[in-house]
Amino acid sequence: MHWKVLTFLVCLYGFLKEYRPSEAYLSAYLTGPWKNLTVEEVDNEIYPIWTYAYLLWLVPVFLLADFFRYQPMLVLEGATYIATWSILLCAQGVLAFKFMEICYGLVSATEIAYYSYLFAMVSNEHYKIITSFTRAAILMGRFAAYLTGQLLVSFNLMDYKQLNIISMVSVSLAFILAVTLRRPSHSDIFHFKNHDKNKDATNKELDNNIGFSAIQESSNVEKPTFKRGILFLWKELKTAYSDKSVIAWSFWWACASCGHLQVQNYIQNLWEVITPEDQKGTIYNGAVEAVGTLLSSISVLVLGFLPVNWSRPGLSETIMAIVCVFNTAVLTVMGQSTNIWVSYALYSVFRATYHTVITLATLQIAKSLTRQRYGFVFGANMFMALVVETILTVIVVDKVGLGVDVQTQFTIYGGYFGVIGCLFLAVAFCTVYKNGCSCRVASDKIYNVSDPKPNIA
Ligand SMILES: *[C@@H]1O[C@H](CO)[C@@H](O)[C@H](O)[C@H]1NC(C)=O
């Protein structure tokens, strides 16, 4: 199949799986007359399960996705989406929705396969196009979903249950599409391509290390050995994290992502609580999420084209510190305010600024890594983010911990960003101070300049 056709099909898959108009109304649906759950049950019992499930699924899915060469994982993703929406449409009671969150955690974890599949199918020269297209497909799917969801609700054409049926149809189509896709012949960890000189070198080196040097594979593709793969991954991660700046930026990336995930997960509950009873029928969740998606895409694009040298010492750190302190104010006000419009506006701003910050961090991480290593580091960083998020969820949100109400939660997330902001600020000061005049050394340390860099939104 021609690579352009394949790219189109995979992007269509991405669009369909993200086209879920019900997404912005999940809390409203669960607490509405269809399921009759209370906000406390949704907030302190059901939603926390997603975080735990995501954390537990992440590592096995990351390894299995590579071991089975991605395509089966796309099928699994589609199937799990269907399972999630079947429960959402048919089941009743807290326990059923806890189980749904376990499925949804699996869905989130399998997203890795979507991004990796095309890289394994298409030759490296189309790397940049593929990266932007797969990301754009996801964003367009979400944007279209939020927009249609909002229009259908605002014009009283559909209720939340019917929106969920549209989502179900869309993810089912995605599943069918995934089944028809071919499996690539190689992957990043367990199935090397032998004719790639670079990888071959790493591979031989690894073989020497673990005593496989005598085995000369004649086939084009290495025989998959789980142990060999794990060792290879471990080595790659150790090499990637031996760069101090990768460690530092990964740490920021994980902390900021964790805060953002928490806000995104619980924002609907906050709106559910502060929406006046007589306006429950006309909420604007979809519109706000659509605007947020659009603003974030624009700010990320602008950041990519701005003629600024981001490796200037202290610059990125200062921007991130400012944004974090700003987010502290935003989230604290959101936690205290009972005005839904203030909350909508602040949330849009929060999202746009977060995406700007995270793109900066991503650029800083990616600039010294190859595409493969970037994938491994990204997986590890996500794991770190989920560990922090799990700790935060157990202590603050879950019924077994403090189990605070959603408004207090947002105030706490504000404090969380405040702490990160102060750390950034301290680092920024140190960097500027240390690099007073000899600033060129650090920025010249970029190696692998010719490597394609991921263009992350
Ligand atoms: C939810 O509560 C409403 C009002 O009390 C009731 O009419 C409806 O049948 C209930 N739905 C379910 C699924 O229990």
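Thresholds applied
Residues numbered from 1 in each chain as written. Predicted model: local features only at pLDDT ≥ 70, side-chain atom pairs only at ≥ 80, totals over all residues. Heavy atoms only, no water. Helix = DSSP H or I, 4+ residues; strand = E, 2+ residues; numbered from the N terminus. Buried < 20%, exposed > 50% of the residue type's maximum accessible area, 1.4 Å probe, protein only. Areas by Shrake-Rupley, 256 points an atom, 1.4 Å probe, with all protein chains shown as cover. Core = buried A, V, L, I, M, F, W, Y, C linked by side-chain atoms within 4.5 Å. Domains from an automatic or database assignment. Contact = heavy atoms within 4.5 Å. Expected span 1.5 Å × (residues − 1). Polar contact = N/O pair within 3.5 Å; in protein donor to acceptor, adjacent residues only side chain to side chain. Salt bridge = Lys/Arg side-chain N within 4 Å of Asp/Glu carboxyl O. Axes fitted to C-alpha atoms, helices over the stretch in contact; angles between N-to-C directions. Parallel < 35°, antiparallel > 145°, perpendicular 65-115°, else oblique. Nonpolar A, V, L, I, M, F, W, Y, C, P; charged D, E, K, R; others polar. Left-handed = near helix turned anticlockwise from the far one by under 90°. pLDDT = per-residue confidence, 0-100. Phe/Tyr/Trp six-rings, centres within 6.5 Å; stacked < 30°, edge-to-face > 60°. Near = heavy atom within 4 Å. Disulfide = S-S within 2.5 Å. Patch = residues over 30% accessible without salt bridge, like charges linked within 9 Å, V, L, I, M, F, W, Y side chains within 5 Å.

Draft legend 1. Structural detail: the overall build of the protein. Of regular secondary structure, the protein possesses 17 helices and zero strands. Residues classed as buried in the protein amount to 54% of the 457 residues present. Put simply, the protein shows about 20,100 Å² of open surface, and 68% of that area lies on carbon and sulfur atoms.

Draft legend 2. Looking closely at the nonpolar core. With 102 residues, the main nonpolar core has Leu30, Met334 and Phe410 as its most contacted residues. Shared between two domains, this core holds at least three residues of each, these being domain 1 (1–191 + 209–216) and domain 2 (242–450). Leaving out residues up to four positions away in the same chain, Phe410 has contacts with Val263, Tyr266, Ile267, Leu270, Leu331, Met334 and Gly335. One finds Ala65, Met121, Ile130 and Ala137 within the second-largest nonpolar core, a separate group that totals 26 residues.

Draft legend 3. Seen up close, helix α11 (residues 244–274). For α11, with 31 residues, the first-to-last C-alpha span of 44 Å sits near the 45 Å given by 1.5 Å per residue. Where burial is concerned, most of α11 is hidden: 24 out of the 31 residues are buried. Two to three positions downstream of the cap, the backbone nitrogen of Ser245 sits 3.0 Å from a side-chain oxygen, assigning the N-cap of α11 to Asp243.

Draft legend 4. View of the pattern of salt bridges. If you walk through the whole model with that rule in mind, you get eleven salt bridges. Here Glu289 and Arg351 are joined by a salt bridge, their closest N and O atoms 2.5 Å apart. Separated by 62 residues along the polypeptide, Glu289 in helix α12 (residues 285–305) and Arg351 in helix α14 (residues 340–366) bring together distant segments of the chain. Neither residue differs from the other here; Glu289 and Arg351 are each classed as buried. By sharing partners, the salt bridges in this structure join Lys17, Glu18, Arg20, Glu23, Glu77, Glu111 and Arg142 into a single network.

Draft legend 5. Inspection of the packing of helix α10 (residues 226–241) against helix α15 (residues 371–397) at higher detail. One way to put it is that α10 packs onto α15 with a least axis distance of 10 Å and a crossing angle of 90°. Compared by their axis directions, α10 and α15 come out roughly perpendicular. Between α10 and α15, the residues in contact are Phe232, Leu233, Glu236, Leu237, Thr239, Ala240 and Tyr241 and Gln372, Arg373, Phe376, Val377, Ala380 and Asn381, respectively. Of the residues belonging to the contact of α10 with α15, the class tally is eight nonpolar, three polar and two charged.

Draft legend 6. Representation of the packing of helix α4 (residues 71–90) against helix α6 (residues 111–121) within the structure. Remark: α4 packs on α6, axes separated minimally by 9 Å, with the N-to-C direction vectors making an angle of 145°. The handedness of the crossing between α4 and α6 is left-handed. For the pair α4 and α6, the contacting residues are Gln71, Met73, Leu74 and Glu77 in the first and Glu111, Ala113, Tyr114 and Tyr117 in the second. Looking at the contact of α4 with α6 residue by residue, the class counts come to five nonpolar, one polar and two charged.

Draft legend 7. Highlighting the confidence of the model for the protein. Within the protein, residue pLDDT values average 85, and 88% of them lie at 70 or more. Below a pLDDT of 50 lies the segment residues 195–220, which in the model reaches 31 contacts outside its immediate sequence neighbourhood of four places, other chains included. For the stretch residues 439–457, pLDDT sits under 50, and the model shows 33 contacts to residues farther than four places along the chain or on other chains.

Draft legend 8. View of the packing of aromatic side chains. Under the counting rule described, the total for this entry stands at 25 aromatic pairs. Seen in terms of ring centroids, Trp271 and Tyr344 are 4.8 Å apart; in terms of plane orientation they differ by 75°. Their pairing is edge-to-face. Of this pair, Trp271 sits in helix α11 while Tyr344 sits in helix α14, placing them 73 residues apart in sequence. The exposure classification of Trp271 matches that of Tyr344, with both residues buried. On the numbers, 5.7 Å between centres and 65° between planes, the contact of Phe410 with Tyr413 is edge-to-face.

Draft legend 9. Layout of α14. Taking 1.5 Å as the rise per residue, α14 with 27 residues should run 39 Å; its terminal C-alpha atoms sit 38 Å apart, in good agreement. Among the 27 residues that make up α14, 21 are buried, leaving the element largely enclosed by the rest of the structure. The opening residue of α14 is Asn339, an N-cap whose side-chain oxygen sits 2.8 Å from the backbone nitrogen of Trp341.

Draft legend 10. Examining the site of the ligand more closely. In the neighbourhood of the ligand, the contacting residues comprise Pro33, Trp34, Asn36 and Gln92. Here a nitrogen atom of the ligand and a backbone polar atom of Pro33 are 3.1 Å apart. Measuring from an oxygen atom of the ligand, one finds a side-chain N or O atom of Asn36 at 2.4 Å. Partitioning the shell around the ligand into residue classes produces two nonpolar, two polar and no charged.

Draft legend 11. Inspection of unusual backbone geometry at higher detail. Positive phi is not limited to glycine here, since Asn36 has a value of about 55°. As for its position among the elements, Asn36 is in the loop between α2 (26–31) and α3 (39–67).

Draft legend 12. Representation of the side chain of Thr51. Of note, Thr51 is situated in helix α3. We classify Thr51 as buried; its relative accessible area is 0%. Here Thr51 is in contact with Gln262, Asn265, Leu386, Glu389, Thr390 and Thr393, once residues within four sequence places are set aside.

Draft legend 13. View of the state of the cysteines. All chains considered together, the criterion is met by zero disulfides. Here Cys258 stays unpaired: no disulfide links it, and the sulfur of Cys255, its closest cysteine neighbor, is 7.1 Å away. For Cys258, a relative accessible area of 0% translates into the label buried. Residue Cys422 stays outside any disulfide, its sulfur separated by 9.5 Å from that of Cys324, the closest cysteine.

Draft legend 14. Molecular detail of a nonpolar patch on the surface. A cluster of nonpolar side chains, Val59, Phe383, Val387, Ile391, Val394, Ile395, Val400 and Leu402, forms an exposed patch at the surface whose accessible area comes to about 690 Å². If you tally residues by element for the nonpolar patch, the top one is α15, at five residues. Within the element layout of this structure, Leu402 appears in the loop between α15 and α16 (406–434). A relative accessible area of 59% places Leu402 in the exposed class.

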